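Summary of structural features
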Amino acid sequence: MAEHDLTSPLLSPRFSDQPQTVLAVDEDSEPSDQFPSNHQPPLQTHNEEKTTLTSPNPYAFLGSDGHSVPAPTTVDPFRNGTPFISGVYEAVKSVLCLPIMLLRLVLFGACLAVGYIATRIALEGWKDKQNPMPKWRCRIMWVTRICARIILFSFGYQWIRRKGKPAPREIAPIVVSNHVSYIEPIFYFYELFPTIVASESHDSMPFVGTIIRAMQVIYVNRFSPASRKNAVNEIKRRASCDKFPRVLLFPEGTTTNGKVLISFQLGAFIPGHPIQPIIVHYPHVHFDQSWGLISLAKLMFRMFTQFHNYMEVEYLPIIMPPDNEKLSAVHFAERTGQAMASALNVVQTSHSYGDLMLLMKAAELQQERPWSYMVEMARIESMYHISSLEAVDFLDKFLSMNPDTSGCVKLHDFSRGLRLKACKLSEEIFGFLDVEKNGSITFKQFLVGVAHVMKQPLFMQACELAFAECDVRGDNYCMKEELSNILRHAVPDLNEDEVHGLLSLFDSNTDGRISRDDFITCLRKNPLLIALFSPRLLQKNFSRGGDRMLEDIV
């Protein structure tokens, strides 16, 4: 069994297309990317723009018998409901609050400066960051904590409604919370003064970096397995020592709009200590305080120009870890998510930070409906073991195919994106991805299709054997002439320019030679192109040889 890390998603996240509906999921069921057993063999078609019949499976030689794509969701967990000032009431209120905003800005700046100076004094000369901060330094940090509460006041949080109480640190050394805005870290800094887990990038932020260092922050690079493992070990170490503050984590890994919970990462649950969940809610009518795809400056302006901003914090009962250590991280996280979702009266979806990366990438490239490119990444990762960074790379490939305003790609643009002309093979590959058979594919269909191909047990062996077919001299370099012959065998009508375009994909470093690394890297970035080598590999009895290899491994 693979070892869980800080950013591992729940294996069985709950998902829903409608936020007001709660779905129960069987914990023992495992996701499957296969068609039902009664799925019939596909039929061939040559319709270029719209496929009404199923096409032959071009990846059957890898062991694929087809795949299915999870239904799309209409939920956007990151969208701010009021990104702009709208309505007469809000416009008039913003104008009336401008003088108040100036006073609040002055108060905010003064408290930030005082808190920064107090923090610098508390940290002066302190070198032993691996041990708890001495008590006299913690007493100085009370100045910064009071400044944090005044900063909340300047943002319009004159009072904050609380329900329940924080459990003693010795009973619940770890607390977890949903994450909606930048307000929660400020509140928890004042209320609990915990140790937090934060991205390494936060250390370089002006003022904020210094203050979170005083919280003995645990830094983590979410894309580095070694960093995630070290962070988990550090969480375990500090939670086990009563002299450290309690550890605070936001298991969603990013901010949402508070209308759903997204999948939990496992870093808080692997240590196996009792956890107290905390939920934060921001009741509103005219101004959504969540940190969606809007700038920090705009969000701060809106907060400064409100008479009062509502915030409710509820401390939930402590959740004890399961007795079975092997199941503890997954089931512990699931039980905690259920408790928090129930208290918030929302559902938990399979979205993750990876979906936010896809959303921001699509928005950066000015797509009309960037939210349509979210795929519930935690579920895709669990099913296909594909990382968020790989998904973003595949989004780049998909967007190069020039999707229409609905986010769909037709056969012609798809073939051009693969650097293949519209031919029998490109139709078969397109038909393989177009599971709905409506003549176009979405990014989710594209991503699931390529992930399914990469997941096949014989994929990497096919890549190796395809390179061996081109390495006729045995010097670990691919002969372009031999590769050209293989490409023309798969697509007989390729002209010189089209062959050159495909060859340039394999020669990624443009040095005029295709090494083994170049070749394998190209196929990992463009896994659909492995179909180009199927005629040659099938001549070599690849499938039977692959089956024998798998039997030997087993």
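All residue numbers refer to position in the chain's written sequence, counted from 1. Reporting of local features is limited, given that this is a predicted model, to residues whose pLDDT is at least 70; pairs of side-chain atoms are given and counted only at 80 or more, and all residues count toward the totals for whole chains, interfaces and linings. To obtain the side-chain values, all non-hydrogen atoms of the structure were used and water was disregarded.

Let's talk about the packing of helix H11 (residues 388-399) against helix H14 (residues 443-455)
Axis lines are fitted to C-alpha atoms, over the contacting stretch for helices. Their N-to-C directions set the angle, which ranges from 0 to 180 degrees. Think of it this way: any DSSP run of H or I at least four residues long counts as a helix, any run of E at least two long counts as a strand, and we number them from the N terminus. Two elements in contact, H11 and H14, have axes whose closest approach is 10 Å; the angle formed by their N-to-C orientations is 120 degrees. When the axis of H11 is compared with that of H14, the two are oblique. Handedness of the H11/H14 crossing: right-handed. Residue-level contacts link Glu 390, Ala 391, Phe 394, Leu 395, Lys 397 and Phe 398 of H11 to Phe 443, Phe 446, Leu 447, Val 450 and Met 454 of H14. Each residue is assigned to one of three groups, with Ala, Val, Leu, Ile, Met, Phe, Trp, Tyr, Cys and Pro labelled nonpolar, Asp, Glu, Lys and Arg labelled charged, and all others, Gly among them, labelled polar. Classifying every residue of the contact of H11 with H14 gives nine nonpolar, no polar and two charged. Should an angle fall under 35 degrees it is called roughly parallel, over 145 degrees roughly antiparallel, and 65 to 115 degrees roughly perpendicular, with every other angle called oblique. Note: crossing handedness is left-handed where the near helix turns anticlockwise from the far helix by less than a right angle, and right-handed where it turns clockwise. The criterion used for residue contact is that any of the two residues' heavy atoms lie within 4.5 Å.

Digging into the pairing of strand E3 (residues 195-199)
For a regular strand, side chains alternate in direction, first toward one face of the sheet and then toward the other. Taken across its five residues, E3 has four buried, putting it largely inside the fold. Pairing between E3 and strand E5 (residues 247-249): two bridges, direction parallel. Opposite Ile 196, over in E5, you have Leu 248 as the bridge partner. A pair of strands is treated as paired once DSSP finds two or more bridges between them. As defined by bridge partners, E3 adjoins strand E4 (residues 218-220) across three bridges and the pair is classed as parallel. Directly across from Ser 199, in E4, lies its bridge partner Val 220. With the strands aimed away from the viewer, a crossover counts as right-handed if its path from the first strand over the helix to the second runs clockwise. Each parallel crossover has a hand, and the one from E3 via helix H5 (residues 208-214) to E4 is right-handed. The buried label applies to any residue whose accessible area, calculated with a 1.4 Å probe on protein chains only, is under 20% of its type's maximum; exposed applies above 50%, and partly exposed to all values in between.

Topic: the pattern of salt bridges
Side chains that differ in sign of charge can pair as their charged atoms come close. Every case where a carboxyl oxygen of Asp or Glu lies within 4 Å of a side-chain nitrogen of Lys or Arg is listed as a salt bridge. Tallied over the entire structure, the rule returns 20 salt bridges. Residue Glu 234 pairs with Arg 238 through a salt bridge whose shortest N-O separation is 2.8 Å. Of the two residues, Glu 234 and Arg 238 are both situated in helix H6 (residues 225-239); the distance of four residues between them amounts to about one turn of the helix. Taken as a pair, Glu 234 and Arg 238 share a single burial class, namely buried. The shortest N-O distance in the salt bridge between Glu 469 and Arg 536 comes to 3.1 Å. Here the residue Glu 469 occupies a position in helix H15 (residues 459-470), and Arg 536 occupies one in helix H19 (residues 534-539), the gap between them amounting to 67 residues. For Arg 536, a relative accessible area of 17% corresponds to the buried category. Each of Glu 90, Lys 93 and Arg 302 takes part in one network of salt bridges that share partners.

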